[in-house]
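One-letter residues, chain by chain:
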Amino acid sequence: QVQLIESGGGSVQAGDSLSLSCAASGRTLSSYTMGWFRQAPGKEREFVAAIRWSSGRTGYRDSVKGRFTISRDIAKRTAYLQMNSLKPDDTGVYYCAADPVFRPELSTTLGAYDYWGQGTQVTVSS
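Residues numbered from 1 in each chain as written. Predicted model: local features only at pLDDT ≥ 70, side-chain atom pairs only at ≥ 80, totals over all residues. Heavy atoms only, no water.

### Quick look at the overall build of the protein chain
Piece 1. Within the protein chain, the secondary structure is distributed over zero helices and 11 strands.
Piece 2. Each helix (α) and strand (β) of the protein chain, taken in turn from the N terminus, gives the series β-β-β-β-β-β-β-β-β-β-β.
Piece 3. What you see for the protein chain is a C-alpha radius of gyration of 14 Å, in line with the 14 Å of a compact globule of 126 residues.
Piece 4. Counting all 126 residues of the protein chain, 42% fall into the buried class.
Piece 5. Within the protein chain, contacts between residues separated by at least 24 positions form 58% of all contacts whose residues are at least 6 apart in sequence.
Piece 6. Positive and negative side-chain charges of the protein chain, numbering 14 and 11 respectively, have mean locations separated by a distance of 4 Å. (Helix = DSSP H or I, 4+ residues; strand = E, 2+ residues; numbered from the N terminus. Rg over C-alpha atoms; globule rule 2.2 N^0.38 Å. Buried < 20%, exposed > 50% of the residue type's maximum accessible area, 1.4 Å probe, protein only. Contact = heavy atoms within 4.5 Å. Lys, Arg positive; Asp, Glu negative; His and termini not counted. Charge placed at Lys NZ, Arg CZ, Asp CG, Glu CD.)

Written out as structure tokens, the structure is:
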């Protein structure tokens with residue numbers, strides 16, 4: 001299996017930036033999709049971004065396009081989420097996740113992901 005450890009969360013002001021990291025260990029990631037999800041208090045967990053490990057293909061939810069960038073360092077087995085121009089609505093617990101099944105489309109649903117990190121808190125104040 002895959003173990004995921006997230007880091008980089010914190011408290012910032014609106015307009016600031018944060019970079020989240022997700023270090024992966026275990027099985028090879030070559031056929032995996034890595035995703036970022038977030039959950040605000042009282043809200044459902046929602047898809048943020050995903051990247052296909054081998055090709056680097058990416059996808060984002062509409063509300064973060066142009067502000068967030070997902071990437072990965074293959075040698076370090078680490079996925080990143082660079083978050084710029086943060087807004088209070090971006091506040092929540094951010095989770096890294098891994099989908100081990102090869103699919104024709106990038107996975108955007110929670111059920112597709114088998115492995116999850118512990119979550120890291122991101123708080124954006126106005």
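Picking up after the structure, the text goes on.
### Side note on the environment of glycine 92
Piece 1. Among the structural elements, glycine 92 can be located in strand S9 (residues 92–99).
Piece 2. Glycine 92 sits 33 residues away from serine 125 along the chain, and the two C-alpha atoms are 12 Å apart.

### With respect to the packing of aromatic side chains
Piece 1. Per the counting criterion, the structure on display carries five aromatic pairs.
Piece 2. Aromatic side chains phenylalanine 37 and tyrosine 113 sit 5.1 Å apart centroid to centroid with 80° between the ring planes, which places their arrangement in the edge-to-face category. Of the two residues, phenylalanine 37 is situated in strand S4 (residues 33–39) and tyrosine 113 in the loop between S9 and strand S10 (115–116); the sequence distance between them amounts to 76 residues.
Piece 3. Seen in terms of ring centroids, tyrosine 95 and tryptophan 116 are 6.4 Å apart; in terms of plane orientation they differ by 80°. Their pairing is edge-to-face. (Phe/Tyr/Trp six-rings, centres within 6.5 Å; stacked < 30°, edge-to-face > 60°.)

### Comments concerning the environment of threonine 123
Piece 1. Along the chain, threonine 123 falls in strand S11 (residues 120–125).
Piece 2. We classify threonine 123 as partly exposed; its relative accessible area is 25%.
Piece 3. In this structure the C-alpha to C-alpha distance between threonine 123 and aspartate 89, which are 34 residues apart in sequence, comes to 9.2 Å.
Piece 4. Apart from the residues within four sequence positions on either side, threonine 123 is in contact with Gly10, Ser11, Val12 and Thr91.

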